[in-house]
Amino acid sequence: MKKQPQITEQTRANLTQAFWELYLDRPIEKITVREITERAGYNRATFYLYFRDVYDLFEQLEGEILSQVRALVDNRLLAGDTLDFTNHMGFIVGLAQRFDGYMPRLIAGDPSFGDRLKEIIAPLLDRFIIRDAGLSETEQAVVREFYLSGLLGAITTWMASADGMPISRLIELIVGVVS
């Protein structure tokens, strides 16, 4: 008997949401499969149909987020001759809304997540900001890290803020500083 894809996806989504609710409150080491399944309304066996353990669920989530960010960067932002966020605003807003509340926790909770995010974003800096600066490789590395750390810090602060600054204003601020 084959499972219906929409039911399978909904079950995965429910387990994932239950994990996120727990992860936003405490570290991954303190989260159990039992807590996730109780919160999502499934038994433990159902969890193991989708994930090996809590860490596997976490890695799959990170991978999904990073692959969507990579798609934005590779397929949209690096596609043109200039760095034009406004052309892709709808996609950026959708991505930001989808992961709202999670990104600051991921960056704070898993240092490797921030590093992997920087690796995805670095080609944008190399192509549109650092390329014509006439810097040595060491100087480029320093400037790249400065921009990447600042960008991640800005995104984390923006996503964690309660005032709901529109993403268009965030991009306007960042592009204004970078230009």
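Computed from a prediction, not measured in an experiment: that's the story for all the values here.

J.: What should I look at first to understand the packing of aromatic side chains in this one?
T.: Describing an aromatic ring pair means giving the distance of the ring centres and the angle of the ring planes. Summed over the entire model, instances satisfying the criterion amount to 9 aromatic pairs. A ring pair is formed by Tyr50 and Phe51, whose centres lie 6.3 Å apart and whose planes are at 45 degrees; its orientation type is tilted. Each member of the pair, Tyr50 together with Phe51, is buried. Here Phe146 and Tyr147 contribute two aromatic rings whose centre-to-centre distance is 5.7 Å and whose plane-to-plane angle is 70 degrees, an arrangement assigned as edge-to-face. Its relative accessible area of 61% is what places Phe146 among the exposed residues. Residue Tyr147 is classed as partly exposed on the basis of its relative accessible area of 22%. Pairwise contacts between aromatic rings join Phe19, Trp20, Tyr23 and Phe58 into one cluster.

J.: What is the right way to read the nonpolar core from this model?
T.: In a soluble, globular protein the nonpolar side chains are often hidden away together inside. One finds Phe19, Trp20, Tyr23, Ile36, Phe113 and Leu117 to be the most contacted residues of the largest nonpolar core, which totals 46 residues. The set of elements that each furnish at least two residues to this core consists of α1 (5-23), α2 (33-40), α3 (44-50), α4 (54-77), α6 (103-109), α7 (111-130), α8 (137-160) and α9 (167-178). Of the residues forming this core, the biggest block, 10 residues, is contributed by α4. Apart from residues lying up to four places away in sequence, Leu117 is in contact with Leu66, Val69, Met103, Ile107 and Leu152.

J.: Explain the packing of α4 against α7 to me, please; I cannot follow it from the model alone.
T.: Packed helix pairs are characterised by how far apart their axes lie and by the angle those axes make with each other. Look at α4 against α7: their axes get within 10 Å of each other, and the N-to-C directions meet at 5 degrees. For the element pair α4 / α7, the angle class is roughly parallel. Taking contact as the criterion, the partners of Glu62, Ile65, Leu66, Val69, Arg70, Val73 and Leu77 in α4 are, on α7, Phe113, Arg116, Leu117, Ile120, Leu124 and Phe128. In terms of residue class, the contact of α4 with α7 is made up of 10 nonpolar, no polar and 3 charged.

J.: I would appreciate a short explanation of the pattern of salt bridges in the present structure.
T.: Think of it this way: side chains of opposite charge can pair up when their charged atoms draw near. Per the counting criterion, the structure on display carries 6 salt bridges. Put simply, Asp56 and Arg52 hold a salt bridge, and the shortest N to O gap is 3.5 Å. The shortest N-O distance in the salt bridge between Lys118 and Glu145 comes to 2.5 Å. Taken together, the residues Lys118 in helix α7 and Glu145 in helix α8 connect sequence positions 27 residues apart. The exposure class assigned to Lys118 is buried, which follows from its relative accessible area of 15%. For Glu145, a relative accessible area of 36% corresponds to the partly exposed category.

J.: Help me out: how do you make sense of the environment of Ser67 in this one?
T.: Position of Ser67 relative to the elements: it lies in helix α4. Put simply, Ser67 and Ile120 are 53 residues apart on the chain and 9.2 Å apart in space, counted from C-alpha to C-alpha.

J.: What exactly am I supposed to notice about the side chain of Thr16 here?
T.: Relative to the elements of secondary structure, Thr16 occurs in helix α1. A relative accessible area of 13% places Thr16 in the buried class. Non-local contacts of Thr16, meaning those with residues more than four positions away in its chain, are made with Phe51 and Leu61.

J.: Could you clarify how one ought to interpret the confidence of the model for the protein in this entry?
T.: Close inspection of predicted coordinates is inappropriate for parts of the model with low pLDDT. In the predicted model, the protein carries a mean pLDDT of 82, and 84% of its residues have values of at least 70. Of all secondary-structure elements in the protein, the lowest mean pLDDT belongs to helix α5 (residues 89-98), at 64, while α2 reaches the highest, 97.

J.: Teacher, can you tell me more about α7 here?
T.: Along an α-helix, residues three or four positions apart point the same way, because every turn accommodates 3.6 residues. Here α7 is 20 residues long, yet its end C-alpha atoms lie only 25 Å apart, well below the 28 Å a rise of 1.5 Å per residue gives. Inspection of α7 places Phe113, Gly114, Leu117, Lys118, Ile120, Ile121, Ala122, Leu124, Leu125, Phe128 and Ile130 among the buried residues, and these make up the whole buried set. Close packing links the buried residues of α7 with α4, α6 and α8.

Rules of the game
- All residue numbers refer to positions counted from 1 along the written sequence of the respective chain.
- In view of the model being predicted, local features appear only for residues whose pLDDT reaches at least 70, and side-chain atom pairs are presented and counted only at 80 or more, with totals across whole chains, interfaces and linings using the full set of residues.
- The side-chain numbers reported here are obtained from all heavy atoms of the structure, hydrogens and water having been left aside.
- In this scheme Phe, Tyr and Trp rings, the latter by its six-membered ring, pair at centre separations within 6.5 Å, and the angle between planes marks the pair as stacked below 30 degrees, edge-to-face above 60, and tilted otherwise.
- Categorising residues by exposure relies on relative accessible area from a 1.4 Å probe, with only protein chains included: less than 20% of the type maximum marks a residue as buried, more than 50% marks it as exposed, and the intermediate range marks it as partly exposed.
- We define a nonpolar core as any set of buried Ala, Val, Leu, Ile, Met, Phe, Trp, Tyr and Cys residues linked to one another through side-chain atoms lying within 4.5 Å.
- Helix numbers and strand numbers start at the N terminus; a helix is a DSSP run of H or I with at least 4 residues, a strand a run of E with at least 2.
- Should any heavy atoms of two residues lie within 4.5 Å, those residues are considered in contact.
- Note on geometry: axes are lines fitted to C-alpha atoms, helical ones only across the stretch in contact, with angles between N-to-C directions running from 0 to 180 degrees.
- Between 65 and 115 degrees an angle is taken as roughly perpendicular, under 35 as roughly parallel, over 145 as roughly antiparallel, and anywhere else as oblique.
- Following the grouping adopted for this structure description, the nonpolar residues are Ala, Val, Leu, Ile, Met, Phe, Trp, Tyr, Cys and Pro, the charged ones are Asp, Glu, Lys and Arg, and the polar ones are all others, Gly among them.
- Every case where a carboxyl oxygen of Asp or Glu lies within 4 Å of a side-chain nitrogen of Lys or Arg is listed as a salt bridge.
- Here pLDDT means the predictor's own confidence in every residue, given as a number from 0 to 100.
- Multiplying one less than the number of residues by 1.5 Å gives the expected span of a helix.

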